[in-house]
Structures are given as structure tokens and as C-alpha cells.
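Topology and contacts: notes
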Amino acid sequence: MVSGFVKTFSSFAYRNFFKKESTYFTAVVASGVAFSIAFNTMFDKYWDKKTAGTKWVDIKDRYVEN
């Protein structure tokens, strides 16, 4: 039922990440930080594209003299 790849991957993950509590904790925290950075970067790019032309950076020249 379980393929060789899944068995190999699960034993690799257990040996290297889940066997010790300290490495499990480090893996969870590192994954959370990486997800947070990736999500924020992608959402910022989406928001900048969606609101282009309406942000202060885009309309500042109309209201402020240099």
C-alpha cells in the first residue's frame, strides 16, 4: 500500500526532525517563520498590484512641491 518513497521520506523526516524535541521545535519555528515571510511577501506584491495608482507614493507629485 505505502510506496517506497513515502516510507523512505517518513523515516528520513522522523530520524532528522521528529526524534528529538529540540529539532522538532526548531523545524516548527523555522517553518513558521519561512511561511510568514513568504505569505507577507506574496500578499504585499498582490496588494501593490491591486492598488497601483492610489497609494501616496503614486500620487505624491500632485500634492507636494519639490
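Higher on the page you've got the structure.
Residues numbered from 1 in each chain as written. Predicted model: local features only at pLDDT ≥ 70, side-chain atom pairs only at ≥ 80, totals over all residues. Heavy atoms only, no water.

Bringing a nonpolar patch on the surface into the picture now. Residues Phe5, Val6, Phe9, Phe12, Tyr14, Phe17, Phe18, Tyr24 and Val28 make up a contiguous nonpolar surface patch of about 940 Å² in total accessible area. At the level of elements, helix H1 (4-18) and helix H2 (21-50) are the ones that each hand at least two residues to the nonpolar patch. At seven residues, H1 tops the list of elements feeding residues into the nonpolar patch. Its location among the elements puts Phe9 in helix H1. (Patch = residues over 30% accessible without salt bridge, like charges linked within 9 Å, V, L, I, M, F, W, Y side chains within 5 Å. Areas by Shrake-Rupley, 256 points an atom, 1.4 Å probe, with all protein chains shown as cover. Salt bridge = Lys/Arg side-chain N within 4 Å of Asp/Glu carboxyl O. Helix = DSSP H or I, 4+ residues; strand = E, 2+ residues; numbered from the N terminus.)

Bringing the environment of Phe39 into the picture now. Structurally, Phe39 is set in helix H2. For Phe39, a relative accessible area of 47% translates into the label partly exposed. In the structure, Phe39 is positioned 18 residues away from Val57 in sequence and 23 Å away in space, judged by C-alpha atoms. (Buried < 20%, exposed > 50% of the residue type's maximum accessible area, 1.4 Å probe, protein only.)

Contact geometry for H1 and H2: axes closest at 7 Å, N-to-C directions at 100 degrees. As summarised for this structure, H1 and H2 are arranged roughly perpendicular, according to the angle between their axes. Of the residues in H2, those touching H1 at Asn16, Phe17 and Phe18 are Thr23, Tyr24 and Ala27. Residues that form the contact of H1 with H2 fall into these classes: four nonpolar, two polar and no charged. (Axes fitted to C-alpha atoms, helices over the stretch in contact; angles between N-to-C directions. Parallel < 35°, antiparallel > 145°, perpendicular 65-115°, else oblique. Contact = heavy atoms within 4.5 Å. Nonpolar A, V, L, I, M, F, W, Y, C, P; charged D, E, K, R; others polar.)

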